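# Topology and contacts: notes
Next come the chains, spelled out residue by residue.
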Amino acid sequence: TSLPGSTFKMVTAVAGLESGIIEPDTEIMDTGVYTYYQDDGPQCWYWRQYRRKHGLVNVSEALEVSCNVFFFDVGRRVGIQGLQEFAAKFGLGEPTGIELYEETGVMAGPEYTQSMGQTWYEGSTLSVAIGQESSQFTPLQLANYIATLVNGGDRYSTHILQSVKSSDFSEVVYEYEPQLLDSVDIDEENLEAVKYGMYLMANEGSVKNAFADLPVEVGAKTGSAQVNAETESNAVFVCFAPYDDPQIAISLVVEKGGSGSTLASIAADILRYYFSAEESR
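A brief look at the structure comes next. (Residues numbered from 1 in each chain as written. Predicted model: local features only at pLDDT ≥ 70, side-chain atom pairs only at ≥ 80, totals over all residues. Heavy atoms only, no water.)

Attention shifts here to the nonpolar core. In terms of nonpolar packing, the biggest core is built from 56 residues, with Met10, Phe70 and Leu149 touching the most fellow members. Setting aside chain neighbours within four positions, we find Leu149 in contact with Met10, Val14, Phe90, Ile186, Leu191, Val194 and Met198. Counting 21 residues, the second-largest nonpolar core is a separate cluster that includes Val207, Ala235, Ile248 and Ala268. (Core = buried A, V, L, I, M, F, W, Y, C linked by side-chain atoms within 4.5 Å. Buried < 20%, exposed > 50% of the residue type's maximum accessible area, 1.4 Å probe, protein only. Contact = heavy atoms within 4.5 Å.)

Right, dumping it as structure tokens:
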């Protein structure tokens, strides 16, 4: 399991949109430092690294540039229970249904923090909203979450076994039937706003060069999951393709890999092979 980093921001976005807290065109000012609770509050990565601000951004733009302040504000207003509810519907911290033993990870919240003998603060919700705090999900959960998001909200059980054939391959003895585990009710306009944010990141944002020569359009989100102050962050990256008719969702996690943007070229290689192999079949 790994911290999801900024790849969790789509959960916060959907929770905010579906709760009516924001609309697709709602703009929030990136002030660099989020001062709702205290003057020296948590910072946007852009301010921390470059002493710059993203200015006014809507949800799609906030996903493209991964604006922490936007998601701090939305997450605070949604509240930890709302974030937990939507995360569970997307299968984060939940069993995926795969036929093998799996870790189910943990979705951060007061219950888990207190079970570890630590104190939960109201401001802890801000960290959860951007994929930090104590949330830990598996790469498989992240891939299934993206698949659920881009198919319109239906979360299916993951599986390895597709079919069983007779010894001479003449007949199919067993065919796997897709099993619906949960559904996230996502308004089409809200879904498009979130998907478009992932489109912007893949086509205009920090990873655009990796996907420039692919035969399909891609939607993506990077993340860097901080383990502690001393070690390099784990790199997290999720994507899907084709953008208009998704067929494949990918999640990559590399320990101590730094920024998730470094994984984009790996994802692009996988997509290139997948779609060229598909054409040759």
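Turning our attention to a negative patch on the surface. Residues Glu23, Asp25, Glu27, Asp185, Asp187, Glu188, Glu189, Glu192, Glu217, Asp244 and Asp245 make up a contiguous surface patch of negative charge. In this structure, Asp245 sits in the loop between β8 (234–241) and β9 (248–254). (Patch = residues over 30% accessible without salt bridge, like charges linked within 9 Å, V, L, I, M, F, W, Y side chains within 5 Å. Areas by Shrake-Rupley, 256 points an atom, 1.4 Å probe, with all protein chains shown as cover. Salt bridge = Lys/Arg side-chain N within 4 Å of Asp/Glu carboxyl O. Lys, Arg positive; Asp, Glu negative; His and termini not counted. Charge placed at Lys NZ, Arg CZ, Asp CG, Glu CD. Helix = DSSP H or I, 4+ residues; strand = E, 2+ residues; numbered from the N terminus.)

Right, let's get into the environment of Pro215. Its location among the elements puts Pro215 in the loop between α10 (208–211) and β7 (219–225). Considering only alpha carbons, one finds Pro215 and Glu94, 121 residues apart in sequence, at a separation of 34 Å.

A word on helix α5 (residues 80–89). Of all the residues in α5, the buried ones are Ile80, Gly82, Leu83, Gln84, Phe86 and Ala87. Buried residues along α5 sit in contact with α1 (9–18), α4 (68–78), α6 (110–115) and α7 (124–129). Positive phi appears at Gly91, one or two residues downstream of α5, with a value of about 85°.

The next point concerns α1. It helps to recall that an α-helix has 3.6 residues per turn; residues three or four apart then point in one direction. In terms of burial, α1 is largely enclosed, as nine of its ten residues are buried. Residues Lys9, Met10, Val11, Thr12, Ala13, Val14, Ala15, Gly16 and Leu17 constitute the buried set of α1.

Right, let's talk about the packing of α1 against helix α8 (residues 139–150) for a bit. The N-to-C vectors of α1 and α8 enclose an angle of 35°; their axes lie 11 Å apart at closest approach. Note that α1 runs across α8; the crossing there is left-handed. For the pair α1 and α8, the contacting residues are Met10, Val11 and Val14 in the first and Tyr145, Ile146 and Leu149 in the second. Looking at the contact of α1 with α8 residue by residue, the class counts come to six nonpolar, no polar and no charged. (Axes fitted to C-alpha atoms, helices over the stretch in contact; angles between N-to-C directions. Left-handed = near helix turned anticlockwise from the far one by under 90°. Nonpolar A, V, L, I, M, F, W, Y, C, P; charged D, E, K, R; others polar.)

We now examine the pairing of β8. Counting buried residues along β8, eight of its eight residues qualify, which places the element largely inside the surrounding structure. Alternating positions in β8 separate into two faces, Asn234, Val236, Val238 and Phe240 on one and Ala235, Phe237, Cys239 and Ala241 on the other, with burial throughout. The pairing of β7 with β8 spans seven bridges and is classified as antiparallel. By the bridge assignment, Gly223 is partnered in β8 with Val236. Bridge count for β8 against β9 is seven bridges, and the pairing is antiparallel. When the sheet's bridge partners are listed, Phe240 is paired in β9 with Ala249. Here β8 folds back onto β9, and the loop between the two strands holds six residues. (Pairing = 2+ DSSP bridges.)

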